[in-house]
Amino acid sequence: MDFSKTKYKEKIVIGVVFLLFTLKVLYHLGKDPCKINCSSIKSEFDLINCLDSCAANSDKTISIFSYRFLSNMYPCKVIVDGIEYQTSEAAFHAGKFKEKKYKMMFTNLKTKPDGNWKELGNKAKQLGQRNGITKQYNLSFDSNAWDNGEGQRAMLKAVRAKFKNTELASKLLKTGDAILIEGTFWNDRIWGVGLKRIKDKDGNIIGYKGSGKNELGVILMKVREELKNNSYKGI
C-alpha cells in the first residue's frame, strides 16, 4: 500500500469538508472569511475545476467568477439615481460622491476601440480611488464610513441596477444555487477572496491558497435570491 497517497487523499477529504463548511457559513452570514486551499493546481482554470469537483457531492456548487457578466467590469448600461453608467463598477465608485458633477465624471468614459473588455471598469476604478477625483479636487472622504456600511450599500445598489437588465438577470438565475466567489490575485480580501500562488523551492506554481470576506459574491447571491423570490425591485 502507498501510504503517501493514502495520507494525501485524507488531507484532501479534510480540506474539502472544511472548505464546504466555511462557504456554507459565508453564504448564510455574509461576513465570515471564506477559506480556499486546493493543491496540485497549475492555473486559475484548474482552480475553478478543483473547487467545482470539491463540491461535486454537495447540494451547492462552488463557482469562481469564470463568467464575465458577473464581473463589475462587464460593460452594460447601469442606471442609478437617474444617471446612466457604462459598468456597475462606475456606478459603485460614483456612490462615493454626493455632488452630481462628480458622479457625472464616471459616465461616458472613453476606451480604445480594440481595448480589453475590462478597460471601462478599470478606468472607473482609477477615478474612484484616492489618487483619482478625491485627490484631484481635494475632496474630503470618510473612508471609515465607506468601509463600514456605505460601501456595501453602494455596491448593492449598483449590482441591483445592473440586473434590471433582463438578459443579465436570466444569466444570474441560471447559476442556480452556486456559491459565487470572486477569486482575485490582487489581494482583495474585502470584496473577493485574495488568492496567492504556492510555489516550490524552484519557483514552480504547485497550488493556490486564499481568504477573504467575498462581499461582492455575497451581494450577487443576495440579488439572485431577490430575483428568485420576486422581491427584486431594482434600486
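A.B. asks: Help me out: how do you make sense of the overall build of the chain in this one?
C.D. replies: Helices and strands together make up the secondary structure of the chain, namely nine helices and eight strands. Residues classed as buried in the chain amount to 43% of the 235 residues present. Just so you have it, the chain exposes about 13,700 Å², and 51% of that area is on carbon and sulfur atoms.

A.B. asks: Sorry if this is basic, but what is going on with unusual backbone geometry here?
C.D. replies: Trans peptide bonds make up most of the peptide bonds, and negative phi angles are found at most residues other than glycine. The phi dihedral of Asp-81 is positive, around 55°, even though this residue is not glycine. Structurally, Asp-81 can be placed in the loop between strand S3 (78–80) and strand S4 (83–85). The phi angle at Asn-138 is positive, at roughly 55°, despite the residue not being glycine. Among the secondary structure elements, Asn-138 is positioned in the loop between helix H6 (130–136) and helix H7 (143–162). Assessed through its relative accessible area of 70%, Asn-138 is described here as exposed.

A.B. asks: Hey, could you run me through the confidence of the model for the chain in this one?
C.D. replies: Atomic detail in the predicted coordinates should be set aside for any region of low pLDDT. Looking at the chain, pLDDT values average 76 and 69% of them are 70 or higher. Scored below 50 in pLDDT, residues 20–63 shows 100 contacts in the model against residues more than four places distant or in partner chains.

A.B. asks: Help me understand the packing of aromatic side chains in this model?
C.D. replies: How two aromatic rings sit relative to each other is given by the distance of their centres and the angle of their planes. Counted by the stated rule, this structure contains six aromatic pairs. Measuring from centroid to centroid gives 5.3 Å for Phe-92 and Trp-146, while their planes differ by 45°, and the two rings are tilted. Placement of Phe-92 in helix H3 (residues 88–94) and of Trp-146 in helix H7 is noted, with a sequence separation of 54 residues between them. Of the two residues, Phe-92 and Trp-146, neither departs from the other in class, the shared state being buried. Through pairs of rings, three or more aromatic residues link up here, namely Phe-92, Phe-141, Trp-146 and Trp-191.

A.B. asks: What exactly am I supposed to notice about the packing of helix H8 (residues 166–173) against helix H9 (residues 215–228) here?
C.D. replies: A pair of packed helices can be characterised by two numbers: the angle between their axes and the separation between those axes. One way to put it is that H8 packs onto H9 with a least axis distance of 10 Å and a crossing angle of 100°. Taken together, the axes of H8 and H9 lie roughly perpendicular to each other. Of H9, the residues touching H8 (which contributes Ala-169, Leu-172 and Leu-173) are Leu-220, Val-223, Arg-224, Leu-227 and Lys-228. Of the residues belonging to the contact of H8 with H9, the class tally is six nonpolar, no polar and two charged.

A.B. asks: When you look at the packing of H7 against H9 in this model, what are you seeing that I'm missing?
C.D. replies: It is at 10 Å that the axes of H7 and H9 come closest, and there the two elements cross at 45°. As far as their axial angle goes, H9 and H7 are oblique. In this structure, H7 meets H9 at a crossing whose hand is right-handed. The segment H7 lies against H9, with Gln-152, Met-155, Leu-156, Val-159 and Arg-160 engaging Glu-215, Leu-216, Ile-219, Leu-220, Lys-222, Val-223 and Glu-226. Partitioning the contact of H7 with H9 into residue classes produces seven nonpolar, one polar and four charged.

Procedures and definitions
- Residues numbered from 1 in each chain as written.
- Predicted model: local features only at pLDDT ≥ 70, side-chain atom pairs only at ≥ 80, totals over all residues.
- Heavy atoms only, no water.
- Helix = DSSP H or I, 4+ residues; strand = E, 2+ residues; numbered from the N terminus.
- Buried < 20%, exposed > 50% of the residue type's maximum accessible area, 1.4 Å probe, protein only.
- Areas by Shrake-Rupley, 256 points an atom, 1.4 Å probe, with all protein chains shown as cover.
- pLDDT = per-residue confidence, 0-100.
- Contact = heavy atoms within 4.5 Å.
- Phe/Tyr/Trp six-rings, centres within 6.5 Å; stacked < 30°, edge-to-face > 60°.
- Axes fitted to C-alpha atoms, helices over the stretch in contact; angles between N-to-C directions.
- Parallel < 35°, antiparallel > 145°, perpendicular 65-115°, else oblique.
- Nonpolar A, V, L, I, M, F, W, Y, C, P; charged D, E, K, R; others polar.
- Left-handed = near helix turned anticlockwise from the far one by under 90°.

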